[in-house]
Amino acid sequence: MKNKLIFIFLDGVGLGKKVDSNPFTKAFMPTIFNLLGEKLTNTTNVTEQNILVKGIDACLGIEGVPQSATGQTSLFTGYNAQQHLGYHLMAYPNDQLITLINKRSIFKYAKENHIKSIFANSYTDGFFKSFDSNSSNYSVTTRCVLAAENKFNTLDDLVENRAVHWDITNVTLQDTPNNRVSLIDPFTAGKNLRNLTDDYDLVLYECFLPDLIGHKKDMNKSIMFLEMFDKFLEGVIHNKPENVQVLITSDHGNIEDLSFGGHSKNPVPFILIGNKAHQFLDIRSINEIFDRMFSKLFGTVSISQFEKM
């Protein structure tokens, strides 16, 4: 059977020290613990047959604290976006980064190589009503979908379990006018994400809750999120077919250190659950993931180091 990949992108998650300001040391995460045999911190290094867990670099040789626009562009294009700009750019991609995304977004590259892919996130009715492709307020992932001319999932897709909302449980939709989306438990949301591999080879899902919570330095909400995500992950890997790999990573640190409420230079987690984990042993930085997952999991021609730069 051909390989399939569920790529879970968590915004703002690094690997922190075993200190009181790190919610990973306090949260009850049995799924993660059963996989790793320990809590997820900066000393975690697991290289088993079907799981690889290690810290990788998100700074990419540029001084300063890593940010979302450059970090996510590096993740989802394989270019070193930080080096391309010469600095870390926060929030939304600028014209220079959009050029990189339009050249080689994760979905565009997949389409060019006949790999069926989907951005699993659902978009609200308001997004479609105010849609403007020239807007400067679209995330890297949205830009990646646009570059490939793929469709965006609607709330109807979410209701019919063909999408997952960015908050996992649909809680942020409950107070919207004329809401038609019910709350969902995280385990079921995880199963819905996994089930997308029935129709797609590459499934990307983004959750930016950890970055929002980390900026607020809220320990209780951080623990609640981590415990919810653990149940979500349980749903993703429950009865997972052997040919489905699950990748979890981030663009920069934040929630792992609530002592200051900002992004960190900590390494970010690289977690690969599946029988191809050994193919990723030498991954060192976030911009290396793109080439490795396409070449080793989907058999595309490896992108040269020269082109990456």
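Residues numbered from 1 in each chain as written. Predicted model: local features only at pLDDT ≥ 70, side-chain atom pairs only at ≥ 80, totals over all residues. Heavy atoms only, no water.

Observations regarding the layout of surface pockets
Working step 1: Estimated volume of the largest pocket: approximately 610 Å³.
Working step 2: The wall of the largest pocket is formed by 25 residues, among which Tyr92, Asn137, Ser139, Glu206 and Phe208 lie closest to the centre.
Working step 3: Those elements giving two or more residues to the lining of the largest pocket turn out to be helix H2 (68-77), helix H7 (140-148) and helix H10 (209-216).
Working step 4: Grouping the constituent residues of the lining of the largest pocket by class yields ten nonpolar, twelve polar and three charged.
Working step 5: Within this model, the second largest pocket holds a volume of roughly 310 Å³.
Working step 6: Lining the second largest pocket are Asp167, Thr169, Val171, Leu209, Leu212, Ile213, Lys216, Lys221, Met224, Phe225 and Met228.
Working step 7: Classifying every residue of the lining of the second largest pocket gives seven nonpolar, one polar and three charged. (1 Å grid on protein atoms, 1.4 Å probe; cavity = no way out; pocket = protein on both sides within 12 Å on 5 of 7 lines; lining within 4 Å. Points joined across faces, edges and corners; volume = space filled by probe spheres on them. Helix = DSSP H or I, 4+ residues; strand = E, 2+ residues; numbered from the N terminus. Nonpolar A, V, L, I, M, F, W, Y, C, P; charged D, E, K, R; others polar.)

Details of the pairing of strand E7 (residues 268-273)
Working step 1: Of all six residues making up E7, six are buried, and the element is well covered by its neighbours.
Working step 2: Burial along E7 is two-sided: the residues Val268, Phe270 and Leu272 and Pro269, Ile271 and Ile273 are all buried.
Working step 3: Relative to E7, strand E3 (residues 51-56) runs antiparallel, the two sharing six bridges. Paired with Gly55 across the two strands is Pro269, which belongs to E7.
Working step 4: Alignment of strand E6 (residues 244-249) against E7, held across three bridges, turns out to be antiparallel. Within E7, the residue paired with Val246 across the bridge is Ile273. (Buried < 20%, exposed > 50% of the residue type's maximum accessible area, 1.4 Å probe, protein only. Pairing = 2+ DSSP bridges.)

Comments concerning helix H9 (residues 186-195)
Working step 1: Three or more residues of H9 are buried, namely Pro186, Ala189, Gly190, Asn192, Leu193 and Arg194.
Working step 2: Where H9 is buried, its residues meet strand E1 (4-10), strand E5 (202-207) and helix H11 (219-237).
Working step 3: At the N-terminal boundary of H9, the capping side chain belongs to Asp185, with an oxygen 3.2 Å from the backbone nitrogen of Phe187. (Contact = heavy atoms within 4.5 Å. Polar contact = N/O pair within 3.5 Å; in protein donor to acceptor, adjacent residues only side chain to side chain.)

Here's the deal with the sheet that holds E5
Working step 1: Read from one edge of the open sheet, seven strands run E2-E3-E7-E6-E1-E5-E4, paired in mixed fashion. Only two strands of the sheet have a single partner each, and these edge strands are strand E2 (46-48) and strand E4 (117-119). The mean inter-strand angle of the sheet, taken between neighbouring strand axes irrespective of direction, is 15°.
Working step 2: By the bridge criterion, six bridges tie E1 to E5 in an arrangement that is parallel. Among the inter-strand pairings, Phe9 is bridged to a residue of E5, identified as Glu206.
Working step 3: Packing of H11 onto the sheet brings it into contact with E1, E5, E6 and E7, and relative to E1 it is tilted by some 175°. (Axes fitted to C-alpha atoms, helices over the stretch in contact; angles between N-to-C directions.)

Observations regarding empty space enclosed by the protein
Working step 1: Applying the stated criterion across every chain, the model contains one cavity of 30 Å³ or more.
Working step 2: In this structure, the largest cavity spans a volume of roughly 120 Å³.
Working step 3: Together, 14 residues line the largest cavity, and Leu10, Val13, Phe24, Leu40 and Phe229 are the ones closest to its centre.
Working step 4: Taken together, the elements giving at least two residues each to the lining of the largest cavity come down to H11, E6 and E7.

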